[in-house]
Amino acid sequence: MPFIYFFGPFQLESEIELPELSGANTGGTRRVLLSQGDVPEEIAGAAQAGSNCLVGSNEYLLTIPGVARYHVRDGAQVRVQIEPGAAMGNVRVYLLGSVFGVLCHQNGLLPLHASAVERNGEVTAFLGNSGDGKSTLAACLRQRGHRVVSDDICLLEPQDDAMRVIPVAEWLKLWTQSLDHLGEKANEKFRVSESADKFRLYLSGEVSANAHLRRIVLLGCSESSTAAPTLEPLSILEAVAALFEMTYASYVPVLSGQKARVFQQCARALGQASAWRLDRPWDLDRMDETLDLLERQVLG
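What you see is a predicted model, and the numbers here were worked out from it, not measured in a lab. (Residues numbered from 1 in each chain as written. Predicted model: local features only at pLDDT ≥ 70, side-chain atom pairs only at ≥ 80, totals over all residues. Heavy atoms only, no water.)

(A) Inspection of the sheet that holds strand E5 (residues 53–55) at higher detail. Across the sheet, eight strands lie side by side as E1-E2-E3-E8-E7-E6-E5-E4; this open sheet has mixed pairing. Looking at the sheet topology across the chains shown, the edges are occupied by strand E1 (3–7) and strand E4 (47–48). Where strand E3 (residues 30–36) lies against strand E8 (residues 77–82), four bridges are found, and the strand directions are parallel. Looking at E8, one finds that Leu33 is bridged to Gln77. (Pairing = 2+ DSSP bridges. Helix = DSSP H or I, 4+ residues; strand = E, 2+ residues; numbered from the N terminus.)

(B) Up close: the packing of helix H4 (residues 236–245) against helix H6 (residues 259–269). Remark: H4 packs on H6, axes separated minimally by 9 Å, with the N-to-C direction vectors making an angle of 130 degrees. The angle between H4 and H6 places the two elements in the oblique class. Read as a crossing pair, H4 and H6 show a hand that is right-handed. Between H4 and H6, the residues in contact are Val240, Leu243 and Phe244 and Lys259, Val262, Phe263, Cys266, Ala267 and Ala269, respectively. Its residues placed into classes, the contact of H4 with H6 shows eight nonpolar, no polar and one charged. (Axes fitted to C-alpha atoms, helices over the stretch in contact; angles between N-to-C directions. Parallel < 35°, antiparallel > 145°, perpendicular 65-115°, else oblique. Left-handed = near helix turned anticlockwise from the far one by under 90°. Contact = heavy atoms within 4.5 Å. Nonpolar A, V, L, I, M, F, W, Y, C, P; charged D, E, K, R; others polar.)

(C) Up close: the pattern of salt bridges. Taken as a whole and assessed by the stated rule, the structure comprises 16 salt bridges. Among the ionic pairs, Glu20 bridges to Arg92, the shortest N-O distance being 2.8 Å. You can see Glu20 sitting in the loop between strand E2 (10–14) and E3 and its partner Arg92 sitting in helix H1 (residues 88–106), a full 72 residues away along the chain. An identical accessibility class is assigned to Glu20 and Arg92; each is buried. Between Glu289 and Arg286 there is a salt bridge whose closest N-O contact spans 2.7 Å. One network of salt bridges, in which partners are shared, links Arg144, Asp288, Asp292 and Glu295. (Salt bridge = Lys/Arg side-chain N within 4 Å of Asp/Glu carboxyl O. Buried < 20%, exposed > 50% of the residue type's maximum accessible area, 1.4 Å probe, protein only.)

(D) Representation of the packing of aromatic side chains within the structure. Taken as a whole and assessed by the stated rule, the structure comprises eight aromatic pairs. Ring centres of Trp171 and Tyr202 lie 5.9 Å apart, and the angle between their planes is 75 degrees; on these two criteria the pair is classed as edge-to-face. Remark: Tyr202 occurs in strand E15 (residues 198–202) and Trp171 occurs in strand E14 (residues 171–175); sequence separation between them is 31 residues. Three or more aromatic residues joined by ring pairs make a cluster, and in this case those are Phe7, Phe10, Phe100, Trp171, Phe190 and Tyr202. (Phe/Tyr/Trp six-rings, centres within 6.5 Å; stacked < 30°, edge-to-face > 60°.)

(E) Region of the structure containing the environment of Trp276. Relative to the helices and strands, Trp276 is located in strand E18 (residues 274–280). Given a relative accessible area of 17%, Trp276 falls into the buried group. Remark: the alpha-carbon pair of Trp276 and Leu231, spanning 45 residues in sequence, is separated by 6.5 Å. If we ignore the near neighbours within four places in the chain, the residues touching Trp276 are Ile216, Val217, Leu218, Leu231, Glu232, Pro233, Leu234, Gln297 and Val298.

Spelled out as structure tokens, the structure:
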């Protein structure tokens with residue numbers, strides 16, 4: 001394997017160059033072999049998840065037309081069959097996103113669809129779907145002195161009575177509108193994929209290695225652009241449901257027989273963390289109102 005990379009809890013020994021990870025030289029210890037070659041079209045006994053995905057008890061097969069086919073097995077092996085003429089940037093997007101999330105599930109970890117910030121060893125995770133503004137919110141809090149722990153996937157590992165947050169953030173993925181708001185320049189070299197107007201903003205020396213989840217904030221959007229942002233506490237039942245719904249690639253543990261594990265881990269995370277719902281207008285010009293509310297009522 002000509003390349004060795006560190007990403008979250010994993011040490012990737014790879015046949016494929018991953019320039020996005022070239023800056024990280026320490027971290028994960030769980031060994032994963034990433035190779036390139038022929039990938040099967042079926043998995044024996046697997047369940048169908050949508051039109052392009054198969055999930056087995058310890059295997060996962062993802063087919064992205066025009067890009068690649070990805071086979072993940074036993075939480076330790078990834079094989080990629082790249083389509084002729086595919087842009088390598090698009091190939092790597094799925095490796096660093098969907099495939100990474102599946103590796104986490106196959107290793108018994110809990111990946112949340114969230115971006116997270118940390119201060120004084122306490123992590124606040126912002127849960128939301130793609131486009132809900134998780135990364136932008138984390139980037140704005142970073143400008144107020146909070147450290148970014150994760151972008152898009154907040155990864156949790158059981159530890160004693162709490163859930164330890166495994167640092168994943170090497171970057172924040174931001175649309176040009178968000179970059180302009182932050183006073184940052186979009187660098188074509190760091191474009192996330194060939195088809196998206198989204199760029200990586202690389203972080204430096206910000207990740208804390210021993211932080212615990214203390215707050216969960218479910219993101220919502222106000223129907224009115226003139227509405228003030230609001231924060232409401234969630235009940236334990238609402239919070240567990242939100243965590244499970246916002247588990248990254250939650251169909252994987254459901255179809256592979258790991259649903260009970262995920263529910264238990266979600267409940268365990270809430271044993272030490274408060275849960276909130278934030279509704280705010282999706283208007284960057286009013287972002288300071290949202291940040292002031294968060295720092296006043298939740299972040300301290």
